[in-house]
Amino acid sequence: MSEIEVFCRQVRARSYEHRQAIGALRALPGQMVALLRQELDSLVRVIFLLAQSDRAYRSGLIEASVSGKKWTASGSGHRVTDREMVELADTLHGWTKSVYSFGCAFIHLSSLHDYRTRDPLQQIPNAERDAILGHLRYYHGGPVQPSPTFADIVPFLPSVFTKIADNLECYLKQLEGDEDLDEHSA
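Let us look at the structure shown here. Bear in mind that the values here come from a model prediction, so they are computed numbers and not experimental data.

**Description of the side chain of aspartate 119**
Part 1 of the reasoning: With respect to the helices and strands, the residue aspartate 119 is situated in the loop between helix H5 (96-107) and helix H6 (120-123).
Part 2 of the reasoning: It turns out aspartate 119 is buried and unbridged, and the closest side chain with the opposite charge, arginine 129, is 7.8 Å from it.
Part 3 of the reasoning: A polar contact of 3.1 Å, which involves the side chain of aspartate 119, links it to the backbone nitrogen of phenylalanine 150.

Set out below in structure tokens:
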């Protein structure tokens, strides 16, 4: 089995498990947001790979991933950061940064874990909150309240997850086809 096949298999296995978990976690919204962030992690990595026109470098990144090694930038040896990958993905989708940032707060211990007492949407910067709400309204039809709470966005989390997972699958198919990043594909 080729390295690309192994890489895509491991990404799909992770995504499959996330798809199973998102339905089981409806009563645990903090965990649902953490799953969104994990799925987004896979998405930004695959987008980053597709953005690499140097196939030897792309193959090296895939080999590193399959081998459990860190990704390093071509020619410089510095570590490829999540920020770099998120910013690249954000240029394509516009929602990546806000979902990633919000999700990180649920991956790492933060005040947002106190969501049953303190509303996470009131704890984040206005620009981030406005971006999240704007994307939810544009892509998912809500929430319709003028000043929604975290509880108001929870029902939309499964559809946000599905959008991320479906985009990921489209990009994986491009990667398997040895294609370059196509900004109109997902």
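Alright, that's what it looks like, and here's the rest.
**Digging into empty space enclosed by the protein**
Part 1 of the reasoning: Under the counting rule described, the total for this entry stands at 1 cavity of 30 Å³ or more.
Part 2 of the reasoning: Considered as a void within the structure, the largest cavity measures approximately 200 Å³ in volume.
Part 3 of the reasoning: Val99, Ile132, His135, Leu136 and Val160 are, among the 16 residues lining the largest cavity, the residues nearest its centre.
Part 4 of the reasoning: Considering each element in turn, the lining of the largest cavity owes the most residues, 6 residues, to helix H7 (residues 126-140).
Part 5 of the reasoning: In terms of residue class, the lining of the largest cavity is built from 12 nonpolar, 3 polar and 1 charged.

**Here's the deal with unusual backbone geometry**
Part 1 of the reasoning: Residue proline 143 follows glycine 142 across a cis peptide bond; omega there is 10 degrees.
Part 2 of the reasoning: The backbone of aspartate 178 sits at a positive phi, close to 55 degrees, despite the residue not being glycine.

**Some words on the packing of aromatic side chains**
Part 1 of the reasoning: Scanning the model with the defined rule gives 7 aromatic pairs in all.
Part 2 of the reasoning: Plain terms: the ring middles of tyrosine 115 and phenylalanine 150 are 5.3 Å apart, the flat faces sit at 55 degrees to each other, and that makes the pair tilted. On the criterion of sequence distance, the pair formed by tyrosine 115 in the loop between H5 and H6 and phenylalanine 150 in helix H8 (residues 150-153) is long-range, its members being 35 residues apart.
Part 3 of the reasoning: Judged by its relative accessible area of 15%, tyrosine 115 is buried.
Part 4 of the reasoning: Ring-pair connections join several aromatic residues into one group, and the members of that group are Phe102, Phe106, Tyr115 and Phe150.
Part 5 of the reasoning: When the ring centre of tryptophan 71 is taken as reference, the NZ or CZ atom of arginine 45 above it lies at 5.7 Å.

**Quick word on the packing of H5 against H7**
Part 1 of the reasoning: Running from N to C, H5 and H7 point in directions that differ by 115 degrees, and their axes come no closer than 9 Å. Handedness of the crossing formed by H5 with H7: left-handed. Counted together, Ser98, Ser101 and Phe102 of H5 and Glu128, Ala131, Ile132 and His135 of H7 form the full contact between these two elements.
Part 2 of the reasoning: Here the contact of H5 with H7 is composed, by residue class, of 3 nonpolar, 3 polar and 1 charged.

The rules behind the values
- Residues numbered from 1 in each chain as written.
- Predicted model: local features only at pLDDT ≥ 70, side-chain atom pairs only at ≥ 80, totals over all residues.
- Heavy atoms only, no water.
- Helix = DSSP H or I, 4+ residues; strand = E, 2+ residues; numbered from the N terminus.
- Buried < 20%, exposed > 50% of the residue type's maximum accessible area, 1.4 Å probe, protein only.
- Lys, Arg positive; Asp, Glu negative; His and termini not counted.
- Salt bridge = Lys/Arg side-chain N within 4 Å of Asp/Glu carboxyl O.
- Polar contact = N/O pair within 3.5 Å; in protein donor to acceptor, adjacent residues only side chain to side chain.
- 1 Å grid on protein atoms, 1.4 Å probe; cavity = no way out; pocket = protein on both sides within 12 Å on 5 of 7 lines; lining within 4 Å.
- Points joined across faces, edges and corners; volume = space filled by probe spheres on them.
- Nonpolar A, V, L, I, M, F, W, Y, C, P; charged D, E, K, R; others polar.
- Phe/Tyr/Trp six-rings, centres within 6.5 Å; stacked < 30°, edge-to-face > 60°.
- Lys NZ or Arg CZ within 6 Å of the ring centre and 35° of its normal.
- Axes fitted to C-alpha atoms, helices over the stretch in contact; angles between N-to-C directions.
- Left-handed = near helix turned anticlockwise from the far one by under 90°.
- Contact = heavy atoms within 4.5 Å.

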